[in-house]
Amino acid sequence: MKKNTLHLKAPGNWMNDPNGFIYYRGKYHLFYQHFPYAPMWGTMHWGHAVSEDLVHWEHQDIALFPTKSYDRNGVFSGCAVEKDGELYLYYSAVRYLEEDPENIHVSLPDRFETSQAMIRSKDGFLFDNWNAKKQIIPVIRDEAVGHPANTRDPKVWQEEGNCYMILGSTCGGQAGRVLFYRSPDGQNWEYASQFRHEEFGRIVECPDLFRLGDSYGFIASFMFIGKAGEGYEHHSLCAPASFDGTSCALTITGAFRPVDYGLDLYAPQTCLDRDGNRVLIAWMRMPEAVNTTGEKPWNGMMCLPRVIEQNENHIFFRVHPEVDRYFSEEITEEKYASAAASGIPVRIQTVLSEGAGLTIGGYRIWIEQGRVKTDRSRVFRNIKGPALTASAPGSRSRHELDIFVEPNLIEIFIDGGESVISHVVYDLGNTLTGQALRLFVGGDGR
């Protein structure tokens, strides 16, 4: 089985949204949207990887694939929960009403319908795609409740004896909304409520609602909230929230902000780790496949696992303790070039003041007017689409940076995770310029 360290990457061909992220029977399971035939989006399957520490990942066989009339054109995004010792996977099932005659893996615009389905597994590794699937929420025909095509991405949790489900949806493709369903057993569901907000864009995808101490955090991906022609139009935002399980009433209690200011990150999903931390993993969108001699072309990878915490109504995304432990070996600047040339992930820690900066293989980071700013234009091969620069909010003259670098991804944790900038990169060089840097590489011992 193919293995990855630090970042889970497509094992070849295509990867997007994380699905079914869960700690189950002593292992972390991370499923993901996968098109196994080419490094491009297509008929969705669920790929599958497991880890003991969120750092070392081993790919498994494909877990879910189309077998039913209602999911014949894709097993789309969803989640996992443990119930009565079994693993319950929930997903959006897609059936095309009219496919593109030139590409059967794509429907003609808006010519598809979506229902919600589930499958159970006794061990988290074996999935009977022919006999164990169950359609639990048929296609919604009442548009007062939801949209027949664009209602998707179930996230299920258990609380106070009930199971709850949140779904992303839209009002006619013009205004986003989320739907809530409730179940006594995780298999039989009834509609409970819905919620709309001016920040929801046109369609809500991959909503996630979870406890953070005595309150809640809400994360979702919103379509068409960015400006057309300026890169990705769809972005993931977060906000503090409250939730009433009796009425299934959601309230947003603070301001929305990007989960990641690099804006490549999309479709985040969270779970509780073995120590009870709320952990996030998300898809890093890649505009081009990576072609390495001797390997299948691949497109798509996951960000580092990030611990979510809330302090004074601000949501932090901190470096996970397992990642922190992994980078145990400190190296000199002289050894950085050889590590980078070998594709070994490197951690860089530094403090930058106003006007100061550093350059990592052509990728620039600097402080301007109290903000951390970045520019990847030198390491993006004139690729069109995603924004080349980023800026995190702030008004400080001094920022602590914790930077993780590997050949196709740079992640910058700012001031203990108060904000994060992550960028996909290509053709990253081996040079490093800056002052007062501490450098680390991973210590495997495996």
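Analysis parameters
Residues numbered from 1 in each chain as written. Predicted model: local features only at pLDDT ≥ 70, side-chain atom pairs only at ≥ 80, totals over all residues. Heavy atoms only, no water. Helix = DSSP H or I, 4+ residues; strand = E, 2+ residues; numbered from the N terminus. Buried < 20%, exposed > 50% of the residue type's maximum accessible area, 1.4 Å probe, protein only. Pairing = 2+ DSSP bridges. Axes fitted to C-alpha atoms, helices over the stretch in contact; angles between N-to-C directions.

Trainee: Explain the environment of R378 to me, using residue names and the numbers behind them.
Mentor: Examined against the element boundaries, R378 turns out to sit in the loop between β31 (371-375) and β32 (389-391). On the basis of relative accessible area, R378 is assigned to the exposed category, the value being 60%. Sequence spacing of R378 and Y363 is 15 residues, and the spatial spacing of their C-alpha atoms is 6.6 Å.

Trainee: Run through the pairing of strand β7 (residues 86-96), naming residues and quoting values.
Mentor: For β7, the buried fraction is high: ten of the eleven residues fall into the buried class. By the bridge criterion, seven bridges tie strand β6 (residues 75-83) to β7 in an arrangement that is antiparallel. Along β7, the bridge assignment pairs V81 with Y88. Two successive antiparallel strands, β6 and β7, enclose a turn made up of two residues, where D84 displays a positive phi of approximately 55 degrees. Where β7 lies against strand β10 (residues 112-121), ten bridges are found, and the strand directions are antiparallel.

Trainee: Kindly report on the sheet that holds β7, identifying the contributing residues and their values.
Mentor: Pairing is antiparallel across the open sheet formed by four strands, whose spatial order is β6-β7-β10-β11. Single-partner strands in this sheet number two, and they are β6 and β11 (133-137). Looking at each pair of strands side by side, their axes are set apart by 30 degrees on average, direction ignored. Bridge count for β10 against β11 is four bridges, and the pairing is antiparallel. Following the sheet pairing, A117 is matched in β11 by Q135.

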